[in-house]
Amino acid sequence: MKGGQFRVDMTSMDLRIDQDHFPIASSIAEIQWAPETGQFTMKNAELKIGKSSATLSGIFVLGLDEQYGPTVGMSVTATDVNLVPNDLGSPASPFDQVVFSGWSAPLYGALGIDDLVASKPGEKVVTKGRVDMLRKGLGFDMHVTGAGVTADDLKRLWPYFLSRDSRDWFVKNVKGGTVDSADMQFSFPVGTAAMKGE
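Sequence order sets the numbering: in each chain, residues are counted from 1 along the sequence as written. Owing to the predicted nature of the model, reporting of local features is limited to residues with pLDDT of at least 70; listing and counting of side-chain atom pairs is limited to 80 or more, with chain, interface and lining totals taken over all residues. Only hydrogens and water are removed before side-chain values are computed, so all heavy atoms of the structure are retained for them.

What follows covers the pattern of salt bridges. Salt bridge, as applied in this entry: a Lys or Arg side-chain nitrogen positioned within 4 Å of an Asp or Glu carboxyl oxygen. Taken as a whole and judged by the stated rule, the model has 8 salt bridges. One salt bridge in this structure joins Arg-167 and Asp-87, with 2.6 Å as the shortest N-O distance. Here Asp-87 lies in the loop between β7 (69–82) and β8 (95–105) and Arg-167 lies in helix α2 (residues 164–173), a separation of 80 residues in the sequence. Between Asp-153 and Lys-120 there is a salt bridge, with its nearest N and O atoms 3.0 Å apart. Of this pair, Asp-153 sits in helix α1 (residues 151–157) while Lys-120 is found in strand β9 (residues 110–120), placing the two residues 33 residues apart along the sequence. In this pair, the class of Asp-153 matches that of Lys-120, namely buried. Note on conventions: DSSP H or I runs of at least 4 residues are helices, E runs of at least 2 residues are strands, and numbering of each starts at the N terminus. Exposure categories follow from relative accessible area, calculated using a 1.4 Å probe and restricted to protein chains: below 20% of the type maximum is buried, above 50% is exposed, and the middle band is partly exposed.

The following block contains the structure:
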């Protein structure tokens, strides 16, 4: 077999985070498969998850690790990224671009973030680290830096399922402002990051 082409429509699927479900709608994504390299290349595709939306393209490479089993290397670019959590309206402006490079070990429940950069004019957030999603809980170890980030965008970038009470307070009480610069390190071993109802 020399290759293949797939047309994928994710409409009617759901993204599940803990006990929450978010409906997915997408255009038909065209994906080119190169079996000699184990590489899948996706052309621009429109994606909407819940109320958030973006245009995605990327490269995915299948691999096999002695410790983690099957792996997926990923390089993904999202443009015109509108982050709209359920407790917020539409943003004043979308992120022009979010670029992600990293890997996933699905059987182990691990996601590696080699580099995640979200940017728009005057704003930039860079994240590196790792997220573990296991039956005994969620854990993560991340280094986050940012410059020029507005309070509104910080609310959108803050995952709603992490430190819910603190985020709720921030959303309700911080009405404006800008973070000129930030350099933060987060380390929560698996099972120590509280999820819904914990």
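Anyway, onward from the coordinates.
Moving on to the nonpolar core. In this structure, Leu-56, Ala-78, Val-81, Val-98 and Val-131 are the most contacted members of the largest nonpolar core, which totals 27 residues. Elements with a minimum of two residues in this core: β3 (20–26), β4 (29–34), β5 (39–49), β6 (52–65), β7, β8, β9 and β11 (137–150). Broken down by element, this core gets its largest block of residues, 5 residues, from β7. Excluding anything up to four places from it in sequence, Val-131 contacts Gly-109, Ala-110, Leu-111, Ile-113, Leu-138, Gly-139, Phe-140 and Met-142. Residues grouped as a nonpolar core are buried Ala, Val, Leu, Ile, Met, Phe, Trp, Tyr and Cys residues, joined through side-chain atoms within 4.5 Å. Working rule for contacts: check all heavy atoms of both residues, and any pair within 4.5 Å makes them a contact.

Attention now goes to a nonpolar patch on the surface. Like-charged residues within 9 Å of one another, or nonpolar side chains (Val, Leu, Ile, Met, Phe, Trp, Tyr) within 5 Å, are grouped into patches, provided each residue has over 30% relative accessible area and no salt bridge. For every accessible area listed, the method is Shrake-Rupley and the probe measures 1.4 Å; residues are considered covered only by the protein chains on display. Residues Met-184, Phe-186 and Phe-188 make up a contiguous nonpolar surface patch of about 230 Å² in total accessible area. Judged by its relative accessible area of 34%, Phe-188 falls in the partly exposed class.

The next point concerns α2. For α2, the full list of buried residues reads Arg-167, Phe-170 and Val-171. In a view along the axis of α2, the buried residues occupy a sector of 95°, so they form one face of it. For α2, the exposed residues lying more than 90 degrees away from the buried face are Asp-165, Trp-169 and Lys-172. At its buried positions, α2 is contacted by α1. In this description, one arc is meant: the one made by directions from the helix axis to the C-beta atoms.

Given a relative accessible area of 1%, Arg-167 falls into the buried group. Polar contacts here mean pairs of N or O atoms no more than 3.5 Å apart (in protein, one a potential hydrogen donor and the other a potential acceptor; neighbouring residues in sequence count only if both atoms are side-chain atoms). Reaching out from Arg-167, the side chain makes a polar contact with the backbone oxygen of Lys-155 at a distance of 3.2 Å. For Arg-167, the contacting residues outside a window of four places in its chain are Pro-85, Asp-87, Leu-88, Lys-155, Trp-158, Pro-159, Tyr-160 and Leu-162.

Keep in mind that these numbers describe shape and distance, not what the molecule does.
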